[in-house]
Amino acid sequence: MIEVSVVARNNQAQDICSFELARVDGAPLPAFAAGAHIDVHLPGGLIRQYSLCNPPWETRSYLIGVLKDPASRGGSQAMHEQMQVGQTLSISEPRNLFPLSEHARRSLLFAGGIGITPILCMAERLHQLGAEFELHYCARSIERAAFIERLQASPFAERVHLHFDDGDAEQRLDAAALLADPDANTHLYVCGPGGFMAHVLDTAKAQGWPDERAHREYFAAAPSNHDNDGSFAVQIASSGRIIQIPADKSVAEALEASGIEIQLSCEQGICGTCLTGVLAGEPEHRDLYLTEDEQARNDQFTPCCSRAKSPLLVLDL
Ligand code: FES
């Protein structure tokens, strides 16, 4: 954990604030690579992940962008309402679940709304590398598009294409045209709301883009329907102990109630922190972290949200 304070706070767009965080002791922060995020520990015990959006060679401070989400589970609201300049808080070291493939001949970056944050950092890095790339940034309107001034003043401004829902038809995102050539030397990166990501990734898949060149980062899972959740059991492989998972509790919650702690962070199947090996049984994957192929192997699952199709899962714990 690193103790930081908010050294700057700026409105970047309607309902989007940026927060610049620097170490309380004035020392440099750990280096990070484009696509990395930090866990921010908020008052009340909430932990939220935010992508770093400053250029990845800067270690004097970290910059994050936070959308005030009306459907917030408390995190974005706490950031907007409580994090003023001078406020101290704890953060994790950066982790990167959305790394750049820096040797790609060409990169296509797609950002929707607040999904611009890791994409911005990637664009900075690709420009530094002298790599070929295009950045497509979609937002409901220019008022809701964060970091526009920075993008337009950047040395890679001519590579940035803006697409607004309330703009003319000719400036709308044409994903099918942009993804028409799934060239083996081109990598695709997508970050944004679920509907935007599904549109870009489904289009990519239909055009023949393989998963390993279609990189994605989700920042919120769609609310899931728990009406048909059933109960099942998990067995702890190391002890043989069997724990019942009731319909109204996650595996992680039931394990915790039995004294077995699983490290959690997003609790939505996005970050992979809770990933746990499965030695027998069939999980019902509800995460957005594992690829389809990884899920199909059924040898690991995310106990914060995933459940079981079989009556028993044997966990590698
Ligand atoms: Fe993030 Fe489970 S805690 S995937």
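Residues numbered from 1 in each chain as written. Predicted model: local features only at pLDDT ≥ 70, side-chain atom pairs only at ≥ 80, totals over all residues. Heavy atoms only, no water.

Visitor: Got a sec to walk through the overall build of the protein chain? Specific residues and values, please.
Guide: A tally of helices and strands in the protein chain yields 7 helices and 18 strands. The C-alpha radius of gyration computed for the protein chain amounts to 21 Å, which stays within 12% of the reference 20 Å derived for 317 residues, consistent with globular compactness. Oriented by its inertia axes, the alpha-carbon framework of the protein chain measures out at about 60 × 50 × 35 Å. In the form shown here, the protein chain has an accessible surface area of approximately 14700 Å², with 47% of it arising from carbon and sulfur atoms. Counting 24 positive and 42 negative side-chain charges, the protein chain places the averaged centre of each group 1 Å from the other. (Helix = DSSP H or I, 4+ residues; strand = E, 2+ residues; numbered from the N terminus. Rg over C-alpha atoms; globule rule 2.2 N^0.38 Å. Areas by Shrake-Rupley, 256 points an atom, 1.4 Å probe, with all protein chains shown as cover. Lys, Arg positive; Asp, Glu negative; His and termini not counted. Charge placed at Lys NZ, Arg CZ, Asp CG, Glu CD.)

Visitor: So what's going on with the pattern of salt bridges? Which residues, and what values?
Guide: All chains considered together, the criterion is met by 16 salt bridges. With a shortest N-O distance of 3.7 Å, R144 and D15 are connected by a salt bridge. Note that R144 is positioned in the loop between β8 (132-139) and α3 (148-153) and D15 in the loop between β1 (2-13) and β2 (16-23), a separation of 129 residues in sequence. When its relative accessible area of 34% is taken as the criterion, D15 is described as partly exposed. In this structure, R216 and D211 form a salt bridge, with 3.3 Å as the shortest nitrogen-oxygen distance. (Salt bridge = Lys/Arg side-chain N within 4 Å of Asp/Glu carboxyl O. Buried < 20%, exposed > 50% of the residue type's maximum accessible area, 1.4 Å probe, protein only.)

Visitor: Mind laying out unusual backbone geometry, listing which residues take part and the relevant values?
Guide: Phi is positive for D15, which is not a glycine, with a value near 70 degrees. One non-glycine residue, E267, lies in the positive phi region at around 55 degrees. You can see E267 is positioned in the loop between α6 (251-257) and β14 (276-280).

Visitor: An account of the sheet that holds strand β13 (residues 242-245) is requested, with residue identities and associated values reported.
Guide: Here 5 strands make up an open sheet; going across it, the order is β13-β12-β18-β14-β16 and the pairing mixed. Bordering the open sheet on either side are β13 and β16 (300-301), each of which pairs with just one other strand. In this sheet, β16 lies alongside β14 in antiparallel orientation, the contact comprising 2 bridges. Counted as the bridge partner of T276 is F301 from β16. (Pairing = 2+ DSSP bridges.)

Visitor: Please set out helix α2 (residues 116-129) residue by residue, giving values where relevant.
Guide: An ideal rise of 1.5 Å per residue puts 20 Å on 14 residues; α2 measures up with 20 Å between its terminal C-alpha atoms. Of all 14 residues making up α2, 11 are buried, and the element is well covered by its neighbours. When α2 is considered as a whole, its buried residues turn out to be I116, T117, P118, I119, L120, C121, M122, A123, E124, R125 and L126. Trailing α2 by a residue or two, G130 shows a phi angle of about 75 degrees, which is positive. (Expected span 1.5 Å × (residues − 1).)

Visitor: Outline the packing of aromatic side chains, supporting the account with residue identities and numerical values.
Guide: Across all of its chains, the model carries 3 aromatic pairs by this definition. Where F32 meets Y62, the ring centres are 5.6 Å apart and the plane angle is 90 degrees; that geometry is what we call edge-to-face. Highlighted residues: F32 in the loop between β2 and β3 (37-41) and Y62 in strand β5 (residues 62-67), separated in sequence by 30 residues. Residue class for F32 comes out buried when judged on its relative accessible area of 8%. Residue Y62 is classed as buried on the basis of its relative accessible area of 0%. Of note, R150 hangs over the ring of F147, and the distance from its end group to the ring centre comes to 5.9 Å. Between the NZ or CZ atom of R159 and the centre of the ring of F133, over which it lies, the distance is 5.0 Å. (Phe/Tyr/Trp six-rings, centres within 6.5 Å; stacked < 30°, edge-to-face > 60°. Lys NZ or Arg CZ within 6 Å of the ring centre and 35° of its normal.)

Visitor: So what about the pairing of strand β6 (residues 88-91)? Which residues, and what values?
Guide: A regular strand places its side chains so that they alternate between the two faces of the sheet. In terms of strand pairing, β1 meets β6 through 4 bridges, oriented antiparallel. Residue pairing in the sheet places I2 in a bridge with I91 of β6. Both β3 and β6 contribute to a ladder of 2 bridges, which runs antiparallel. Each residue of the ladder has a partner; that of H41, found in β6, is S90.

Visitor: Which residues make up the environment of I270, and what values do they have?
Guide: For I270, the location among the structural elements is in the loop between α6 and β14. Separated by 51 residues in the primary sequence, I270 and F219 place their C-alpha atoms 7.0 Å from one another.

Visitor: Describe in detail the sheet that holds β6, supporting the description with residues and values.
Guide: Sheet architecture is open: 6 strands sit in the order β4-β3-β6-β1-β2-β5, paired in antiparallel fashion. Where the open sheet ends on each side, the last strands, each with one partner, are β4 (47-51) and β5. Between one strand and the next, the sheet's axes are offset by a mean angle of 40 degrees, whatever the strand orientation. For β3 and β4, the ladder comprises 5 bridges, and the chain directions are antiparallel. The partner of H37 across the bridge, within β4, is S51. (Axes fitted to C-alpha atoms, helices over the stretch in contact; angles between N-to-C directions.)

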